[in-house]
Amino acid sequence: MTYIAAIGSYIPSGRESNYSKKDKFSLDDDFIVRKLGVEEVSRKASDEETSDLCVKAFADLAARLGRRIEAVDCLVVCTQNPDGAGLPHTSAIVHGKLGLSPRCACFDISLGCSGYIYSLSILKSFMRDNGLSCGVLFTADPYSKIINPDDKNTALLFGDAATATLLLDDSSGGWAPGPFLFGTRGKDGGALVNRNGVLHMNGQAVFNFSATEVPVQVNALLKNAGLGLDDIDLFLFHQGSKYIVDTLARRLSLPAVKVPLNLSGQGNTISSSLPLMLQDRLDDIHQRRILLSGFGVGLSWASCLLVRLQ
Amino acid sequence: MTPLQQMLTKITIEVHNSATIKDPADLDRKFSEIGIDSLDAMSVMLEVMERFDIQIPNDDVTKLTTLNELAGFVEAELVRLGRKV
């Protein structure tokens with residue numbers, strides 16, 4: 001069974017403080033802390049490419065494992081802001097920088113905030129169907145490449161980061177992903193779009209979509225699995241903003257202790273936001289079932305369960 | 001206040017219980033002037049759409065800056081849909 005064994009990460013050291021933008025965007029401290037939930041957004045260095053963020057996340061993964069990661073069978077990068085123009089694919093560039101075997105399968109997945117969950121499902125099936133035992137899923141989507149610093153809708157929210165999730169297929173144990181549910185509202189995709197190299201977001205449209213679709217999908221996922229809200233130890237929602245996470249928790253009547261937040265110091269890191277929250281919770285023996293839900297650009301959304309294996 | 005204005009006031013206070021809506025004149029004040037910031041305004045719009053089962057197109061959302069403007073939109077939409085205001 002394919003399972004999540006460990007997660008490495010890299011958050012660039014560069015920061016932009018939202019407090020320094022208060023006058024520019026007519027904000028107050030209360031809005032920054034209690035509504036946005038983002039005090040600083042992380043920014044990669046100008047000479048850091050998406051693949052570089054992945055390489056650094058991989059180094060962190062190896063450091064956490066305390067060993068070299070040998071024999072990677074497949075390497076996937078989930079990004080919509082690849083190296084250069086996306087050709088060659090960023091996963092191939094990462095493969096080259098890591099010096100991996102020529103027998104390693106590499107491909108990119110073009111998804112945003114729902115991307116981690118979609119990618120887990122894809123990689124789980126890909127590994128199983130092809131008899132592969134070691135996969136690394138990278139999330140690295142530096143929106144700083146396309147953000148307009150004068151756009152209040154986006155400049156205060158999105159931060160750069162990368163993660164590397166090690167997926168193994170043996171009997172050691174870890175966290176098994178599944179079941180999954182997916183969704184798309186392509187006709188509403190204009191709500192979050194890269195237009196001529198600049199990100200544009202319709203906040204109301206994205207909020208409405210998230211607040212209405214996510215609770216429905218979460219309830220459907222649990223019903224399909226024969227579970228209730230009380231059977232879940234943690235609900236990890238994509239960290240779009242504190243406001244949307246709080247809204248989802250309220251709409252699902254979830255206690256705050258089961259709905260952690262992690263965006264104050266770096267912002268919304270797109271597909272990295274879920275693995276960043278998972279990273280330090282994998283070894284918590286008190287957690288047995290975690291629900292993940294990611295939603296955003298597409299408009300796309302996905303939810304899944306993670307179940308701890310013995 | 002009309003029943004519709006009362007309903008919208010109730011929704012707004014549910015979203016942000018510190019909203020300053022004490023008399024009818026407040027219904028013509030901008031959301032920001034009655035303590036409703038941009039994110040709370042999004043929640044108000046969503047609650048209105050769900051409670052009245054109507055759509056507020058994105059282009060119209062930005063034009064509805066007071067409760068009375070919102071009430072006018074909701075009333076017109078209900079009439080258009082042949083529903084009781």
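Residues numbered from 1 in each chain as written. Chains lettered and ligands numbered in written order. Predicted model: local features only at pLDDT ≥ 70, side-chain atom pairs only at ≥ 80, totals over all residues.

A.B. asks: So what about the environment of Y243(A)? Which residues, and what values?
C.D. replies: All names here are of chain A. Residue placement: Y243 occurs in helix 8 (residues 242-251). Looking at Y243, the number of C-beta atoms within 10 Å reads 22, which means it is buried. Separated by 206 residues in sequence, Y243 and G37 place their C-alpha atoms 7.5 Å apart. (Helix = DSSP H or I, 4+ residues; strand = E, 2+ residues; numbered from the N terminus. Buried ≥ 20, exposed ≤ 12 C-beta atoms within 10 Å, placed from the backbone.)

A.B. asks: Go over the domain arrangement of chain A with me, naming the residues and quoting the values.
C.D. replies: Residue and element names in this part refer to chain A. You can read the domains of chain A as domain 1 (2-169) and domain 2 (175-308). Relative placement of domain 1 and domain 2: their C-alpha centres are 17 Å apart. On the side of domain 2, 46 residues touch domain 1, which itself brings 42 residues to the contact. Put simply, the parts of the chain that give the side of domain 1 that touches domain 2 at least two residues each are strand 1 (2-10), helix 2 (29-36), strand 3 (40-43), helix 5 (115-129), helix 6 (152-155) and strand 7 (162-169). Considering every element that reaches the side of domain 1 that touches domain 2, the biggest residue donor is helix 5, with seven residues. (Domains from an automatic or database assignment. Contact = placed C-beta atoms within 7 Å.)

A.B. asks: I'd like to hear about the interface of chain A and chain B, residue by residue, with values.
C.D. replies: With eleven residues of chain A at the contact, the number on the chain B side is eight residues. Those elements giving two or more residues to the side of chain A that touches chain B turn out to be helix 2, helix 7 (203-224) and helix 8 of chain A. Looking at which element gives the most residues to the side of chain A that touches chain B, the answer is helix 7 of chain A, with six residues. For the side of chain A that touches chain B, the class distribution of residues is five nonpolar, five polar and one charged. (Nonpolar A, V, L, I, M, F, W, Y, C, P; charged D, E, K, R; others polar.)

A.B. asks: Explain the packing of helix 7 of chain A against helix 2 (residues 38-52) of chain B to me, and be specific about the residues and the numbers.
C.D. replies: It is at 10 Å that the axes of helix 7 of chain A and helix 2 of chain B come closest, and there the two elements cross at 55 degrees. Viewed along their axes, helix 7 of chain A and helix 2 of chain B adopt a mutual orientation that is oblique. In the packing of helix 7 of chain A onto helix 2 of chain B, the handedness of the crossing is right-handed. From helix 7 of chain A, G203(A), Q204(A), F207(A), N208(A) and A211(A) reach across to helix 2 of chain B, where they touch M42(B), M45(B) and L46(B). Of the residues that constitute the contact of helix 7 of chain A with helix 2 of chain B, the class distribution is five nonpolar, three polar and no charged. (Axes fitted to C-alpha atoms, helices over the stretch in contact; angles between N-to-C directions. Parallel < 35°, antiparallel > 145°, perpendicular 65-115°, else oblique. Left-handed = near helix turned anticlockwise from the far one by under 90°.)

A.B. asks: Please give an account of the pairing of strand 7 of chain A that cites residues and values.
C.D. replies: All names here are of chain A. Counting buried positions over the eight residues of strand 7 gives six, a clear majority of the element. Examined bridge by bridge, strand 1 and strand 7 share eight bridges and lie antiparallel to one another. Pairing of T2 across the sheet is with D169, part of strand 7. With seven bridges joining them, strand 6 (residues 134-140) and strand 7 adopt antiparallel strand pairing. Looking at the pairing, L137 lines up with T165 of strand 7. (Pairing = 2+ DSSP bridges.)

A.B. asks: So what's going on with helix 3 (residues 50-65) of chain A? Which residues, and what values?
C.D. replies: All names here are of chain A. Under the 1.5 Å per step criterion, the end-to-end length of helix 3 is 23 Å for 16 residues, consistent within 8% with the ideal 22 Å. Buried residues of helix 3: T50, S51, D52, L53, C54, K56, A57, F58 and L61, and no others. Tucked into the core, helix 3 has its buried residues touching strand 1, strand 4 (74-78), helix 4 (90-98), strand 6 and strand 7. One or two positions beyond helix 3, positive phi appears at G66, with a value near 75 degrees. (Expected span 1.5 Å × (residues − 1).)

A.B. asks: Account for the packing of helix 7 of chain A against helix 8 of chain A, with residues named and values stated.
C.D. replies: All names here are of chain A. Contact pair helix 7 / helix 8: the axes reach a minimum separation of 10 Å and the direction vectors enclose 35 degrees. Crossing handedness for the pair helix 7 and helix 8: right-handed. Every residue of helix 8 that contacts helix 7 at F207, S210, A211, V214 and P215 is listed here: I244, T247, L248 and R251. Looking at side-chain class alone, the contact of helix 7 with helix 8 contains six nonpolar, two polar and one charged residues.

A.B. asks: Tell me about the environment of F207(A), residues and numbers included.
C.D. replies: Structurally, the position occupied by F207(A) is in helix 7. In the structure, F207(A) is positioned 151 residues away from K56(A) in sequence and 33 Å away in space, judged by C-alpha atoms. When neighbours within four sequence positions are excluded, F207(A) is seen to be in contact with I244(A), M42(B) and L46(B).

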